[in-house]
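Working through the structure, step by step
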Amino acid sequence: AAATVRNRLSYLRAACRYAWRHHDLGDSNPAERVSMPKVRNERHVYLGRPEFLAICQEIKPGKARAAIRIAFYSGMRAAEVGLAHVHFGSDVFELGGEHTKNGMPRVVPIHPRIAHVVRNPGLWPVKPTKWTVSKVFKAGAQAAGYGHARLHDLRHSTASEMINAGVDLYTVGGVLGHKSAISTKRYSHLATKTLQN
């Protein structure tokens, strides 16, 4: 697959660069002229609320299901859900820069449909690991007939739901914590479809 070829070429390029820098092998960087193949393997799986609820019905109530619900309604990554803080009476999740992928602190609004989760001491804070939540989600998705869905697809689904509700791309990028507008641009086709409708 193209992504595998690019991955292997990246390892070889890094090894050549390391040998040149640290072991004086060659007069110039042998990796500077290596061209990497372009790979377009972005997933475009968006679960609507009915599909999401069907999956949730197949999952036993508890902290793992609470984490999955939070992921869908907040757009946070699975690892971020367990690390988010909510101050008493607050209506936002707070993430420190050490807990986000891009190192920037972030505030995510708490959707009214999950506000009860945050107020329930039996469910919040959620502490199951990302892998536990992913395993529970995968089992629920397969039982509901959506075996192709992955836990990270909930993040894309959040963006899709926001855009379909008329939220602009700038705000979607802010909620998802995108450092660059290029990351948010992947959802522009959804915005175009919404505008057409």
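Residues numbered from 1 in each chain as written. Predicted model: local features only at pLDDT ≥ 70, side-chain atom pairs only at ≥ 80, totals over all residues. Heavy atoms only, no water.

1. A short note on the environment of asparagine 120
Structurally, asparagine 120 is set in the loop between α5 (115-119) and α6 (130-143). Residue asparagine 120 is classed as partly exposed on the basis of its relative accessible area, which comes to 31%. Within polar-contact distance, the side chain of asparagine 120 engages the backbone nitrogen of glycine 122 at 2.7 Å. (Helix = DSSP H or I, 4+ residues; strand = E, 2+ residues; numbered from the N terminus. Buried < 20%, exposed > 50% of the residue type's maximum accessible area, 1.4 Å probe, protein only. Polar contact = N/O pair within 3.5 Å; in protein donor to acceptor, adjacent residues only side chain to side chain.)

2. Quick notes on the nonpolar core
The biggest cluster of nonpolar side chains holds 39 residues, and the ones touching the most others in it are Ile68, Ile70, Met76, Phe93, Phe137 and Leu154. Sorting the residues of this core by element identifies α2 (49-57), α3 (63-74), β1 (92-95), α5, α6, α7 (153-164) and α8 (169-176) as the ones contributing at least two each. Once you skip the residues sitting within four places of it in the chain, phenylalanine 137 turns out to touch Leu47, Ile55, Ile59, Ile68, Ala149, Arg150, Leu151 and Leu154. (Core = buried A, V, L, I, M, F, W, Y, C linked by side-chain atoms within 4.5 Å. Contact = heavy atoms within 4.5 Å.)

3. A closer look at the confidence of the model for the chain
Mean pLDDT for the chain: 82, with 93% of residues reaching 70 or above. Averaged over each element, pLDDT in the chain is lowest for helix α10 (residues 188-196) (66) and highest for α2 (90). (pLDDT = per-residue confidence, 0-100.)

4. Observations regarding unusual backbone geometry
A cis amide bond links tryptophan 124 to the next residue, proline 125, at an omega of 5°. Position of proline 125 among the secondary structure elements: in the loop between α5 and α6.

5. Focus: α7
The terminal C-alpha atoms of α7 lie 16 Å apart, and with 12 residues this matches the ideal 16 Å at 1.5 Å per residue to within 8%. α7 sits mainly inside the fold: 10 of its 12 residues count as buried. Directly after α7, the chain includes glycine 166, whose backbone phi takes a positive value near 95°. (Expected span 1.5 Å × (residues − 1).)

6. Some words on the pattern of salt bridges
Summed over the entire model, instances satisfying the criterion amount to 2 salt bridges. Residue glutamate 80 is joined to arginine 77 by a salt bridge in which the shortest nitrogen-to-oxygen separation is 2.9 Å. Of the two residues, glutamate 80 and arginine 77, both sit in the buried class. The closest approach of N and O atoms between glutamate 80 and arginine 106, which form a salt bridge, is 3.0 Å. Separated by 26 residues along the polypeptide, glutamate 80 in helix α4 (residues 78-83) and arginine 106 in strand β2 (residues 106-109) bring together distant segments of the chain. With a relative accessible area of 2%, glutamate 80 lands in the buried category. Residues participating in the shared-partner salt-bridge network are Arg77, Glu80 and Arg106. (Salt bridge = Lys/Arg side-chain N within 4 Å of Asp/Glu carboxyl O.)

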